[in-house]
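Commentary on secondary and tertiary structure
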Amino acid sequence: MPRYNPAEIEPRWQSFWEQNKTFAAPSLPSGDKLYVLDMFPYPSGDGLHVGHPEGYTATDIVCRFARMRGRDVLHPMGFDAFGLPAEEHAIKTGEHPRVQTEKNIATFTRQLKMLGFSYDWDRSLATTDVEYVRWTQWIFLVLYDTWFDPESQRGRAIAELPIPESVAAQGENAVEAYRDAHRLAYEDDALVNWCPALGTVLANEEVVDGRSERGNHPVQRLPLRQWMLRITAYAERLLEGLDDLDWPAGIKKLQQDWIGRSSGAEVDFYIGPPAEFEDWKARRSDTGFASAAPEDALRVYTTRPDTLFGATYMVIAPEHPLVERLTTPEQSAAVTRYREAASFKSDRERTEGDRTKTGVFTGSHATNPVNGQPVPVWIADYVLASYGTGAIMAVPAHDIRDHEFAVQFGLPIVRVVEPPADAEDREAVAEGRVCFAGHGTAIASGPYDGLPTEQVKQQITDRLTEEGLGRHAINYKLRDWLFSRQRFWGEPFPVLHEVDAEGNRTGRKRTVPAETLPVDLPHLDDFKPHGRPEPPLEKASDEWLFVELDGRRYKRETNTMPQWAGSCWYFLRYIDPKNTEQFVSPELERAWMPVDLYVGGAEHAVLHLLYSRFWHKVLYDRGHVSVPEPFQRLVNQGMILGELEYTAYQSDGDEFISSAEVRENEEGKAVGPAGNVLRTVKLEESQVEKAGDHFVLSGEPAIRVDARSFKMSKSRGNVVNPDAIVRDYGADSLRLYEMFMGPLEATKPWNMSGVGGVRNFLDRVWRMIVDARAEEVTLAAEVVDAEPDEDSLRMLHRTIRSVTEDTEAMSFNTAIARMMEFVNYFTRQEQRPRAAMEAFVLLLSPYAPHLAEELWKTLGHDQTLAYQPWPTWDEAALVESTLELPVQINGKMRAKITVPADLDQAGVTEAVMANDRVQAALEGKKLVKTVVVPGRMVSLVVK
Ligand code: ANZ
């Protein structure tokens with residue numbers, strides 16, 4: 001009996017598509033192009049997760065739909081294949097990480113193919129491919145060769161960097177150092193996680209609470225020379241660029257917050273002898289505000305220059321360069337102790353809101369430039385060295401952190417902003433118990449009293465600028481990108497450090513000539529750490545490490561690039577994956593870019609999406625790509641959680657207690673209404689039933705149970721394996737189920753009976769068209785070559801319209817619901833016109849492509865349906881020819897009449913009057929009024 005058998009159908013169509021290269025994209029799109037990109041996976045050893053096919057099915061539907069509507073579609077897939085797990089495996093087994101990586105890629109490829117995605121597999125790539133690495137290194141050379149011109153706000157060739165005469169006068173080394181200080185890729189000391197016990201540097205994700213994740217050993221923070229990328233230069237461009245992008249508002253907000261632009265003022269406080277303050281001021285009004293803080297001033301950054309009169313103390317970061325100068329001998333021991341304690345804390349620990357503030361007085365005072373008042377200078381770790389100027393003026397009346405600090409150390413609190421009349425907490429503010437951080441009116445601020453905050457900010461900044469004591473300033477939270485890792489399994493940097501005869505660095509360096517790229521990873525005998533806080537590539541043989549070039553001796557850079565590097569530009573390589581001359585041909589790049597739709601998880605909101613935008617802007621500035629933003633539209637798929645888990649509560653006497661009455665005690669244990677600790681019992685789905693928005697014990701409507709779903713994880717044992725789903729239900733069922741679970745963007749729990757449900761639907765689709773009783777696959781007898789009747793036609797055209805509109809809107813779950821309605825309707829019909837069945841199969845095809853191809857063939861076609869024109873609907877067929885109208889008499893429903901849909905008012909009134917039930921109701925009464933609401937109802941008023 002020809003039953004629907006996905007296990008047979010699906011592999012057959014997959015090999016058909018593969019052999020015929022059905023989904024190969026044209027090299028150059030002819031007209032209407034569509035570039036649809038998936039966030040490519042990291043090929044982990046666990047294989048594909050059910051979260052992957054969610055986004056991948058969504059984009060596949062978009063692509064299949066677009067091809068049928070005549071668009072040229074580019075839909076590629078690849079692998080983000082560098083990464084820690086493969087390296088850890090190599091350390092353990094001695095096997096090269098490439099071996100493990102390639103195994104995993106093979107598994108992922110098999111699994112992706114098994115789901116019938118319409119990728120152009122000929123364009124597939126892995127970031128670890130040596131040819132790909134070559135171009136990642138080449139882009140690094142572009143970054144290295146670029147400086148950011150603040151004037152024109154764009155990246156330019158380093159050769160165009162103007163060299164100040166004073167630098168030029170110092171000779172070639174000074175000029176080179178000046179260039180290095182302006183490149184977008186530069187070297188700097190940064191802290192790394194050095195684990196002496198493991199003898200290796202660890203990535204941040206391998207460190208948990210200051211100890212190694214592996215083995216739980218202590219980790220030290222050590223400064224090490226590293227590569228940085230000057231992403232901060234592009235902060236403004238990265239912010240502005242967001243405006244024109246069709247991205248979820250939440251993701252834009254995350255990027256904005258990450259960039260963290262704030263605007264305020266830099267202000268100099270005098271730190272010389274107080275008696276000379278006036279002279280200093282007079283001098284400053286001649287010299288003006290220097291771009292670097294002069295020796296005799298402590299420079300602060302503030303977003304609230306309007307509160308200068310309320311600055312009662314100052315704070316400098318423990319790492320601030322003026323600490324030594326400002327610390328008096330009496331305070332010296334305390335300051336040293338404090339600085340050491342601070343060096344063990346991360347920035348996050350230092351700035352977390354709820355911590356009690358710590359600090360130490362330097363013993364010195366500075367002079368407030370607006371009123372000549374002396375203010376004590378403190379050291380505290382809530383001020384970060386890396387933000388603003390690393391020093392603040394503290395205004396405890398109006399800044400929460402400063403308020404906490406002032407209360408703790410008994411420093412004066414002076415209010416200088418009066419809250420508006422309708423502000424909350426006015427009393428508490430007036431008493432100095434809480435600080436007021438909002439805007440209001442200036443008080444105790446000399447000439448500014450009575451002015452609103454915004455004006456005071458402006459006027460004080462203008463005044464300070466005139467006096468050479470301050471200037472308007474903008475700051476960003478964004479930090480430069482720490483771009484090197486002490487790892488083996490990453491892209492080597494194409495950089496050479498000059499060395500002397502002993503192998504010591506001379507300080508000069510050069511890049512590897514572009515035409516000799518790639519720099520491949522060296523052979524290592526084993527991958528075990530060498531036990532020094534240096535990169536593993538230091539273990540490479542001298543042959544790899546040392547290079548002679550133009551008569552000089554060099555040592556290769558031994559850091560490698562982070563995993564982020566490869567994912568910064570992979571979408572460009574898909575456009576022209578085999579090009580050996582260029583990273584992408586400009587002609588093809590112009591034709592395909594930007595990516596029209598990018599789908600992936602929201603966890604990449606900041607890093608990947610910001611890094612790749614940054615690289616793209618540099619490539620754009622340097623003329624290598626034609627558009628300033630890579631991803632025009634972004635959609636985030638929601639997370640798929642594990643199946644709902646049900647928990648009931650039981651007392652000692654085995655009595656079930658409704659979860660509505662259960663509380664948690666201080667130890668986190670569940671307690672019942674009598675205060676007794678309860679037992680928790682895990683229940684099966686069959687033991688519970690749904691009651692409105694909650695669940696109860698089966699047959700016990702009063703006993704509620706908890707129902708929660710959790711993120712899928714191995715340790716919880718709730719991971720769903722796509723291989724098993726495909727084996728038991730078929731790939732089309734998996735695809736359809738993931739799209740039917742709910743809106744694409746929503747977080748939703750997995751539910752196995754839901755998978756069964758869509759499988760039943762596909763079985764019914766099969767039986768709607770195929771004769772289930774025949775020996776071989778033949779059309780069902782109900783499928784006829786007749787014209788559809790009016791109702792069937794309307795059902796067909798409605799379905800075409802809804803599925804088209806919903807698919808366009810990426811509202812896949814509602815499109816599927818409409819197809820289900822169609823099948824419900826036609827499986828009840830004795831006659832299923834072939835034209836309607838064919839149109840339906842085409843509508844279904846982006847969603848369940850294997851089944852659709854099989855049915856299309858059964859309907860007598862010998863070509864793939866992948867490029868069949870998408871069905872269109874006829875508005876006229878949607879209109880109902882008759883209407884059912886309710887008739888109300890004195891507000892009560894009395895009858896229903898059926899009339900032609902286009903009948904005019906008089907005709908409707910006539911039909912109402914002719915109705916038996918209306919006539920009966922009107923007997924002996926007088927008709928006062930007749931109201932016809934066209935298409936809706938008729939209302940009669942009688943007396
Ligand atoms: C005085 C003041 C008064 C401030 C007031 C705020 C409110 P954002 O918006 O994050 O840029 N600040 C400046 N540099 C700092 C650093 N390195 N570490 C910690 N805090 C620092 O915040 C800027 C504000 O944060 C600045 O404005 C400064 O405190 C503080 F009623 O100056 B403000």
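For the structure, see preceding data.
Residues numbered from 1 in each chain as written. Predicted model: local features only at pLDDT ≥ 70, side-chain atom pairs only at ≥ 80, totals over all residues. Heavy atoms only, no water.

What follows deals with the sheet that holds strand E23 (residues 552-556). If you trace the four strands from one edge of the open sheet to the other, you get E21-E20-E23-E22, paired in antiparallel fashion. In the strand order of this sheet, the two ends are held by strand E21 (505-511) and strand E22 (546-549), each with one partner. Neighbour to neighbour, the strand axes of the sheet diverge by 40° on average, direction disregarded. Where strand E20 (residues 495-499) meets E23, three bridges bridge the pair, whose relative direction is antiparallel. Considered in E23, the bridge of Glu498 is made with Tyr554. (Pairing = 2+ DSSP bridges. Helix = DSSP H or I, 4+ residues; strand = E, 2+ residues; numbered from the N terminus. Axes fitted to C-alpha atoms, helices over the stretch in contact; angles between N-to-C directions.)

What follows covers the nonpolar core. Within the largest apolar cluster, 177 residues are counted, with the highest numbers of intra-cluster contacts made by Trp615 and Trp750. Broken down by element, this core gets its largest block of residues, 10 residues, from helix H5 (residues 130-144). When residues of this core are assigned to domains, at least three map to each of domain 1 (23-137 + 564-636) and domain 4 (723-877). If sequence neighbours within four positions are ignored, Trp615 has contacts with Thr136, Ile139, Leu143, Leu229, Trp481, Phe483, Ala565, Cys568 and Trp569. (Core = buried A, V, L, I, M, F, W, Y, C linked by side-chain atoms within 4.5 Å. Buried < 20%, exposed > 50% of the residue type's maximum accessible area, 1.4 Å probe, protein only. Domains from an automatic or database assignment. Contact = heavy atoms within 4.5 Å.)

As a matter of local geometry, the ligand sits amid 18 residues, with Ser262, Thr302, Leu384, Tyr387 and Lys477 nearest to it. For the ligand, an oxygen atom lies 2.7 Å from a polar atom in the side chain of Thr302. At 3.3 Å from an oxygen atom of the ligand is found a side-chain nitrogen or oxygen belonging to Arg401. Going through the elements one at a time, strand E11 (297-302) and strand E15 (391-394) are the ones with two or more residues in the shell around the ligand. (Near = heavy atom within 4 Å. Polar contact = N/O pair within 3.5 Å; in protein donor to acceptor, adjacent residues only side chain to side chain.)

On to helix H2 (residues 51-68), then. In this model H2 runs 27 Å from its N-terminal to its C-terminal C-alpha over 18 residues, within 8% of the 26 Å that 1.5 Å per residue would give. The positive-phi residue at the C-terminal boundary of H2 is Gly70, with phi of around 85°. (Expected span 1.5 Å × (residues − 1).)

With that settled, consider the pairing of strand E25 (residues 634-637). Burial along E25 is two-sided: Leu634 and Asn636 facing one way and Val635 and Gln637 facing the other are all buried. Where strand E24 (residues 597-601) and E25 come together, four bridges link them in parallel fashion. Bridged to Val599 within E25 is Val635. Handedness of the β-α-β unit built from E24, helix H21 (residues 607-621) and E25 comes out right-handed. (Right-handed = clockwise from strand over helix to strand, strands pointing away.)

A word on the sheet that holds strand E9 (residues 220-229). Spatially, four strands are ordered E6-E5-E9-E19 in an open sheet, and the strand pairing comes out antiparallel. The outermost strands of the open sheet, each flanked by one partner alone, are strand E6 (200-202) and strand E19 (481-482).

Glancing now at the pairing of strand E5 (residues 185-195). Two elements, E5 and E9, share 10 bridges in a ladder whose sense is antiparallel. Residue pairing in the sheet places Leu191 in a bridge with Pro223 of E9. Two elements, E5 and E6, share three bridges in a ladder whose sense is antiparallel. In the strand pairing of E6, Cys195 is matched with Thr200. Between E5 and E6, which pair antiparallel one after the other, the connecting turn spans four residues, and Gly199 there sits at a positive phi close to 65°.

These results come straight from atomic positions and should not be treated as a statement about function.
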